[in-house]
Amino acid sequence: MKRPWTLAVALFVLSAFVCLVVWFALYPNRSDPKSLQYVLWKRGLYPLDPDVALGTMIGDAGRDNLVVGKSKDQLEARFGFLTPIGSASQYDQRAYQSLPIKAANREVFALRRSTWLVVFSEGKASELILIKGN
């Protein structure tokens, strides 16, 4: 005789599996902010390529939560490396010069070699800025 909770557990597992399959079918592109891979990466459960993640962050409404409040070490663990603004691309350096973020005790780094700039204040990321083309 089967126990009633065994059927309930089996139905739950089957439902969860069907939901994941449907989710993956609706958002198959890993560079979509609603894709299963990106959502799992945001929670630290999937090893998404950091360059793909940085590109996907453009469409993510909650992208600031991935960076703001984090230390350099935390961001390097997540994205691989930070590039000091002086070593960043000429494009990023020119864009930085036009931004009103130059203040005392603030450092600026690019996330990897992307067009995302991170402003640090007192050792923590205080601002995430996307450098957009004209």
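What comes next is a walk through the structure. Since we're looking at a predicted model, the values are computed, not measured.

1. Remarks on unusual backbone geometry
Backbone geometry at arginine 112 places phi at a positive 55°, although glycine is not the residue there. Within the element layout of this structure, arginine 112 appears in the loop between β2 (106–111) and β3 (116–121). Phi is positive for glutamate 122, which is not a glycine, with a value near 55°. Relative to the assigned elements, glutamate 122 resides in the loop between β3 and β4 (124–130).

2. Quick word on the pattern of salt bridges
According to the stated counting rule, one finds 4 salt bridges in the structure shown. The partner of lysine 42 in a salt bridge is aspartate 60, with the nearest N and O atoms 3.1 Å apart. Here lysine 42 is found in helix α2 (residues 36–42), whereas its partner aspartate 60 is found in the loop between α3 (50–56) and α4 (64–67), with 18 residues between them in sequence. We classify aspartate 60 as buried; its relative accessible area is 6%. Note that glutamate 127 is salt-bridged to arginine 106, the shortest N-O span being 3.3 Å. Pair noted here: glutamate 127 is in strand β4 and arginine 106 is in strand β2, with a separation of 21 residues, a long-range link. The exposure class assigned to arginine 106 is partly exposed, which follows from its relative accessible area of 29%.

3. As for the packing of aromatic side chains
Scanning the entire structure with this criterion turns up 3 aromatic pairs. In this structure an aromatic cluster arises from ring pairing among Tyr38, Trp41 and Phe79. Residue placement shows lysine 72 over the ring face of phenylalanine 120; its charged tip is 5.6 Å from the ring centre. Its end group placed over the ring of tryptophan 41, arginine 78 keeps NZ or CZ at 4.1 Å from the ring centre.

How each quantity is defined
Residues numbered from 1 in each chain as written. Predicted model: local features only at pLDDT ≥ 70, side-chain atom pairs only at ≥ 80, totals over all residues. Heavy atoms only, no water. Helix = DSSP H or I, 4+ residues; strand = E, 2+ residues; numbered from the N terminus. Salt bridge = Lys/Arg side-chain N within 4 Å of Asp/Glu carboxyl O. Buried < 20%, exposed > 50% of the residue type's maximum accessible area, 1.4 Å probe, protein only. Phe/Tyr/Trp six-rings, centres within 6.5 Å; stacked < 30°, edge-to-face > 60°. Lys NZ or Arg CZ within 6 Å of the ring centre and 35° of its normal.

In short, geometric facts, not functional conclusions.
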